[in-house]
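A structural walkthrough
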Amino acid sequence: MNIVVCVKQVPDTATERKLRSDDKTLDRDAADGVINELDEYAVEEALKLKEAHGGEAAVTVLTMGPAKATETIRKALAMGADKAVHLTDDALHGSDALSTSYAMAQALGRIGFDLVVLGSESTDARTGVLAAMLAERLGVAQLTQAKKVEVSGTSIAVERVTEYGYDKVEATLPAVVSVVEKINEPRYPSFKGIMAAKKKPVETLSVADAGIAADQVGLAGAWSEVAEFAAAPPRGAGTIVKGDGDGGTKTADFLVTKKFI
Amino acid sequence: MKLSDEYEDLRKTVEAFARDVVAPVIGDYYEREEFPYDIVRQMGAMGLFGLPIPEEHGGMGGDYFALCLALEELARVDSSVSITLEAAVSLGAMPIYRFGDDDQRARWLPRLAAGEMLGAFGLTEPGGGSDVPGGMRTKAHLDGDEWVINGTKAFITNSGTDITGVVAVAAITGTTEAGRPEISTILVPSGTPGFTVSKKYSKVGWSASDTRELSFADCRVPAGNLLGERGRGYAQFLQTLDEGRIAIAALSVGLAQGCVDESLRYVRERRAFGHPIGHYQAIQFKIADMEARAHTARLAYYHAAEKMLAGEPFKKEAAIAKLVSSNAAMDNAREATQIFGGYGFMNEFPVGRFYRDAKILEIGEGTSEVQRMLIARELGLSAL
């Protein structure tokens, strides 16, 4: 089984994140780059599926991002992935979700896959649409928000998290699966894994290598545009409810106005 | 000084582990004086106990500096787990790796390197610490094909956990030609009749680590349990302790840095006289000094480790690193506690723990006075 995990480098949520004033894209120099948290769960799930299949599966990491994203690729390889493909090109800078899905789908088509696994959203853009877009572009089954994945032969079953519990969804491979944090507990890479990661093959693909039309990606090819942005306003002082035996009622009334209850 | 990619990746991995796994729960273990088996198991799964041990013995194939980086990152959050790792690897596994024969290595190293079993080193005694061999009282003699050990060892880390498997015991095994005590190291498996592990000490700090007194009363082990050559015990633990000083220096730097981390967070939140207290120079200067101490102490242990790995003499550098880093830990813990005010005196705040954990760093693995002795001796000064 050929498993590809899509892994994104995102700015560390523990640091202050900024957009650039010139082209309104993420300021990657302002924050440390880390592996997108949910993608760590995706890597772990891919490794678990590989382990369940004995030696007859390979896990390939696919990352689209600037040169600095090699740190994130190394992390996924240190966890145990076998090899990586780094899709990197200045022409990709500023791609939105739609053009990213196009570029990633082109790369995936070139790599070949039975199963694509990715986190259900990234902590930076948080669009949460990439899995659906990839499945559509690739013409394969879409199994999103998975909290459990089982593969048997060419059939795949997932438990898809919903507001009311979960759906059990089944499909035939190939498929795209996005995972939520309930699915597993990602392993910490061992030093042996870290050392081994340096020797694992990482193929670098440019836009041309992957057969991507340069005018359909990047800022020029984006279908959406950041019109303007502003820093989040500082948190206000809050409302203090003073109770004279009716504190509970007043609090409940407040929550009703905010539609929490 | 820039770390190579693999060292930096290891450092970041342990940093994340300490933050996400250790930090949320260690305060409770500390309060209960309970050994954190679950954390140790996870550290084992990450391969931390095998960092400097070659892969053919079940280790990670890294080196001693990799271990030091892990110790520093753990100690930024908590010293109990860091000293547990330090003692298990530096004092438990490494002597067996360095001085053991093939059978001893095969028997003990794979489980020690995996963290499934902990080893300990019994050197210090109730009446003797740095004054070996003169202060040592534990004796062993050959009776047929068995060693018979009698004596008591004090303050032995990792010696009484549920997963402790073996203790290397230093004992007087005779008299040298020069008329001095001959010291040898003998491996004593846990549970050997005549080997008694007392209950845990009640300690000022390191409360989630396992420290006990051990006694040996006609304790018999096979002659083959001798570690390395007979009479080489003194040389063995001098080498073990020289390395261990670098490891304790790394742990001390971690504690010193942890004080900076905690203080930086706190002074941005805590307000007094109309501003966050980090606004005031009195606080800024304290933190600047703390950062400078942690930074310079880190350079000192990096340098000592570099010399050690290059195979150069490093006794003086290790002693300097241990001396300045334990000083830095103590000073930073005192200042961080001062910055936190009343909260710093509460056990539930990490800096309160750091304060309690810092003092032993000026004592264990050679006191600060012993480090100064070693440095002076390396400079050519001895009893004039």
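Position labels on residues start from 1 in each chain and follow its written sequence. Chains carry letters and ligands carry numbers; both start at the beginning, A for chains and 1 for ligands, and go up in the order they are written. Owing to the predicted nature of the model, reporting of local features is limited to residues with pLDDT of at least 70; listing and counting of side-chain atom pairs is limited to 80 or more, with chain, interface and lining totals taken over all residues. As a rule here, side-chain values cover all heavy atoms of the structure and leave hydrogens and water aside.

1. Quick notes on the pattern of salt bridges
What counts is decided by this rule: Between Lys or Arg on one side and Asp or Glu on the other, a salt bridge is scored when a side-chain nitrogen of the former is within 4 Å of a carboxyl oxygen of the latter. Exposure categories follow from relative accessible area, calculated using a 1.4 Å probe and restricted to protein chains: below 20% of the type maximum is buried, above 50% is exposed, and the middle band is partly exposed. Going along the chain from the N terminus, every DSSP run of H or I of four or more residues is numbered as a helix, and every run of E of two or more is numbered as a strand.
Considering all chains together, one arrives at 39 salt bridges over all chains under this definition. Across the pair Asp246 of chain A and Lys250 of chain A runs a salt bridge whose closest N-O atoms are separated by 3.9 Å. The class for Asp246 of chain A is partly exposed, based on a relative accessible area of 30%. Of the charged contacts, one joins Arg11 of chain B and Glu8 of chain B as a salt bridge, the two residues approaching to 3.0 Å between their closest N and O atoms. Taken together, the positions of Arg11 of chain B and Glu8 of chain B, both in helix α1 (residues 5-32) and 3 residues apart, correspond to about one turn of that helix. What makes Arg11 of chain B buried here is its relative accessible area of 17%.

2. Concerning the domain arrangement of chain B
Residue and element names in this part refer to chain B. Using the following cut-off: By convention here, the domain bounds are inherited from an automatic or database domain assignment. Residues count as neighbours in contact if any of their non-hydrogen atoms are within 4.5 Å of one another. Note on definitions: buried area is the accessible-area loss of two parts on being combined, 1.4 Å probe, summed for both. Distance and chemistry together define a polar contact, namely a pair of N or O atoms within 3.5 Å, with one atom able to donate a hydrogen and the other to accept it when in protein, and with adjacent residues in sequence counting only for side-chain atoms on both sides.
Domains assigned within chain B are domain 1 (5-118), domain 2 (120-231) and domain 3 (235-378). For domain 1 and domain 2, the distance between their C-alpha centroids amounts to 23 Å. Taken together, the contact between domain 1 and domain 2 spans 28 residues of the former and 25 residues of the latter. Between domain 1 and domain 2 lies a buried interface of about 2,200 Å² when both sides are counted; carbon and sulfur atoms form 62% of it. Across the contact surface, domain 1 and domain 2 share 11 residue pairs in polar contact (both at pLDDT 80 or more). Contributions of two or more residues to the side of domain 1 that touches domain 2 are made by α1, α2 (37-45), α4 (79-99) and α5 (102-113).

3. Details of the pairing of strand β5 (residues 181-189) of chain B
Residues and elements named next belong to chain B. Put simply, the rule reads: By this definition, two strands are paired if DSSP reports at least two bridges between them.
Within β5, 8 of the 9 residues are buried, which leaves it mostly tucked inside the rest of the structure. Bridge analysis of strand β4 (residues 164-175) against β5 gives 9 bridges, and the strand direction is antiparallel. From the neighbouring strand, Ala170 faces β5, where its bridge partner is Thr185. Note that β5 and strand β8 (residues 226-227) share 2 bridges and pair antiparallel.

4. Brief notes about the interface of chain B and chain A
Taken residue by residue, the interface counts 17 residues in chain B and 9 residues in chain A. Roughly 1,300 Å² of surface becomes buried between chain B and chain A when both sides are summed, with 64% attributable to carbon and sulfur atoms. Arg74 of chain A is the partner of Asp5 of chain B in a salt bridge, and the nearest nitrogen-oxygen pair spans 3.4 Å. Linking chain B with chain A are 3 residue pairs in polar contact (both at pLDDT 80 or more).

5. A few points about a negative patch on the surface
Rules: The patches reported here contain residues having more than 30% relative accessible area and no salt bridge. Joining distances are 9 Å for like charges and 5 Å for nonpolar side chains (Val, Leu, Ile, Met, Phe, Trp, Tyr). Only the protein chains shown count as cover for residues, and all accessible areas are computed by the Shrake-Rupley method using a 1.4 Å probe. Neither His nor the chain ends is counted toward charge; the positive residues are Lys and Arg and the negative residues Asp and Glu. To locate a charge, the coordinates of NZ of Lys, CZ of Arg, CG of Asp or CD of Glu are taken.
Together, Asp28, Glu31, Glu33 and Glu348 of chain B give the surface a local cluster of negative charge. As for its placement among the helices and strands, Glu31 of chain B is situated in helix α1.

6. Here's the deal with the packing of helix α3 (residues 64-77) of chain B against helix α7 (residues 281-309) of chain B
All names here are of chain B. What counts is decided by this rule: Each axis is a line fitted through C-alpha atoms, taken for helices only over the stretch in contact, and angles between the N-to-C directions span 0 to 180 degrees. Angular relationships are summarised with four words: roughly parallel below 35 degrees, roughly antiparallel beyond 145, roughly perpendicular across 65 to 115, and oblique for the angles in between. Throughout, a crossing is termed right-handed when the near helix is turned clockwise from the far one, and left-handed when it is turned anticlockwise from it by less than a right angle. Three residue categories are used. Nonpolar comprises Ala, Val, Leu, Ile, Met, Phe, Trp, Tyr, Cys and Pro, charged comprises Asp, Glu, Lys and Arg, and polar comprises the others, including Gly.
Two elements in contact, α3 and α7, have axes separated by 9 Å at closest approach and are oriented at 160 degrees. Considered as vectors, α3 and α7 are oriented roughly antiparallel to each other. Between α3 and α7 the crossing geometry is right-handed. Every residue of α7 that contacts α3 at Tyr64, Phe65, Cys68, Leu69 and Glu72 is listed here: Arg298, Tyr301, Tyr302, Ala305, Met308 and Leu309. In terms of residue class, the contact of α3 with α7 is built from 9 nonpolar, no polar and 2 charged.

7. Description of the UniProt feature "domain: Acyl-CoA dehydrogenase/oxidase N-terminal" (unreviewed entry) in chain B
For the record, the criterion: UniProt positions are given in the numbering used here, feature names are shortened, and annotations may be inferred rather than shown by experiment.
Within this numbering scheme, the UniProt entry marks residues 4-116 of chain B as carrying the feature "domain: Acyl-CoA dehydrogenase/oxidase N-terminal" (unreviewed entry). Taken end to end, residues 4-116 of chain B is 74% helix and 0% strand, and its two terminal C-alpha atoms sit 29 Å from one another.

8. Let's talk about α1 of chain B
Residue and element names in this part refer to chain B. Here is the rule we go by: What a helix is expected to span follows from its residue count: subtract one and scale by 1.5 Å. Throughout, bend refers to the angle between the axes fitted to the seven residues that end at a position and the seven residues that start at it.
If you check α1, its first and last C-alpha atoms are 39 Å apart, about what 28 residues at 1.5 Å a residue would give, namely 40 Å. Where α1 bends most, at Val22, the angle is about 50 degrees, and the proline Pro24 comes one to four residues later. Glu33 lies just past α1 and shows a positive phi near 55 degrees.

9. Digging into α2 of chain B
Residues and elements named next belong to chain B. Worth spelling out the cut-off: Taking the helix axis as origin, the arc is that swept by the directions to the C-beta atoms.
Those residues of α2 that fall on the buried side of the exposure criterion are Ile39, Val40, Met43 and Gly44. Summarising the axial view, the buried residues of α2 lie within an arc of 145 degrees, below the 170-degree limit, and thus occupy one face. The exposed residues of α2 that point more than 90 degrees off its buried face are Arg41 and Ala45.

10. Things to note about the environment of Ile194 of chain A
Note that Ile194 of chain A resides in helix α5 (residues 191-197). Taking the C-alpha atoms as reference, Ile194 of chain A lies 9.5 Å from Ala76 of chain A; in sequence the two are 118 residues apart.

11. Considering the side chain of Ser252 of chain B
Within the secondary structure layout, Ser252 of chain B lies in helix α6 (residues 233-269). A distance of 2.7 Å separates the side chain of Ser252 of chain B from the backbone oxygen of Ile248 of chain B, its partner in a polar contact.

12. Some thoughts on the packing of helix α8 (residues 315-340) of chain B against helix α10 (residues 368-378) of chain B
Residue and element names in this part refer to chain B. Running from N to C, α8 and α10 cross one another at 145 degrees; their axes reach a closest spacing of 9 Å. Note that α8 runs across α10; the crossing there is left-handed. Contact residues: α8 offers Lys315, Lys316, Ala319, Ile320, Lys322, Leu323, Ser326 and Asn327, while α10 offers Ser368, Gln371, Arg372, Leu374, Ile375 and Glu378. Classifying every residue of the contact of α8 with α10 gives 5 nonpolar, 4 polar and 5 charged.

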